[in-house]
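What follows is the residue order along each chain.
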Amino acid sequence: MSAISRDEVAHLARLSRLALSDDELDQYAGQLDSILTHVAQISEVRTDSVDATAHPAGLANVLRPDVIVPGLTPTEALSGAPSVEQSRFAVPQILGEEQ
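Model, not experiment: these values are computed from the prediction.

Reading the values: rules and limits
Residues numbered from 1 in each chain as written. Predicted model: local features only at pLDDT ≥ 70, side-chain atom pairs only at ≥ 80, totals over all residues. Heavy atoms only, no water. Helix = DSSP H or I, 4+ residues; strand = E, 2+ residues; numbered from the N terminus. Buried < 20%, exposed > 50% of the residue type's maximum accessible area, 1.4 Å probe, protein only. Areas by Shrake-Rupley, 256 points an atom, 1.4 Å probe, with all protein chains shown as cover. Contact = heavy atoms within 4.5 Å. Salt bridge = Lys/Arg side-chain N within 4 Å of Asp/Glu carboxyl O.

Participant: Got a minute to help me understand the overall build of the protein chain in this structure?
Facilitator: Along the protein chain, the regular secondary structure elements total 3 helices and 2 strands. In terms of principal-axis extent, the alpha carbons of the protein chain reach across some 75 × 50 × 20 Å. With 99 residues in all, the protein chain has 10% of them scored as buried. For the protein chain, the accessible area works out to roughly 9,400 Å², and carbon and sulfur atoms hold 56% of it.

See the structure below:
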């Protein structure tokens, strides 16, 4: 017995707003049936004695330590700006906004 029918694939296609031809429905029904059959087989594997893991290999923290460094001053940050107004970056007006 199939895990998913052609009619179910057609229903899912309608819900997803996909226009599938009859050949595509048949093709996807077969592919989805194969996927669902494999998932069902994997679900049958006994994993009661296996500890839950987030990753199969042990991971060490690979991040560098946080080091506080001074940031840019406002003058340094604005030094490369093409246009500055009131100690801020000046950008072109968009979407017809009022000033």
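Participant: Where do I start with the side chain of Asp33 in this structure?
Facilitator: Assignment of secondary structure puts Asp33 in helix H2 (residues 22-43). Contact partners of Asp33, with chain neighbours within four places excluded, come to Ser2, Ala3 and Ile4.

Participant: Looking at this structure, how should I read the environment of Gln93?
Facilitator: By the secondary structure assignment, Gln93 is in the segment after strand S2 (88-89). The spatial distance from the C-alpha of Gln93 to the C-alpha of Val67 is 38 Å, given a sequence separation of 26 residues.

Participant: So what exactly am I meant to see when it comes to the pattern of salt bridges here?
Facilitator: Two side chains of opposite charge can pair, provided their charged atoms sit close to one another. Applying the stated criterion to the full structure yields 3 salt bridges. Of the charged contacts, one joins Asp22 and Arg6 as a salt bridge, the two residues approaching to 2.9 Å between their closest N and O atoms. Taken as a pair, Asp22 in helix H2 and Arg6 in helix H1 (residues 6-15) lie far apart in primary sequence, 16 residues in all. Accessibility expressed as a relative area gives 52% for Asp22, which makes it exposed. By relative accessible area, Arg6 is classed as partly exposed at 31%. A salt bridge links Asp26 to Arg6; the shortest N-O distance between them is 2.6 Å.

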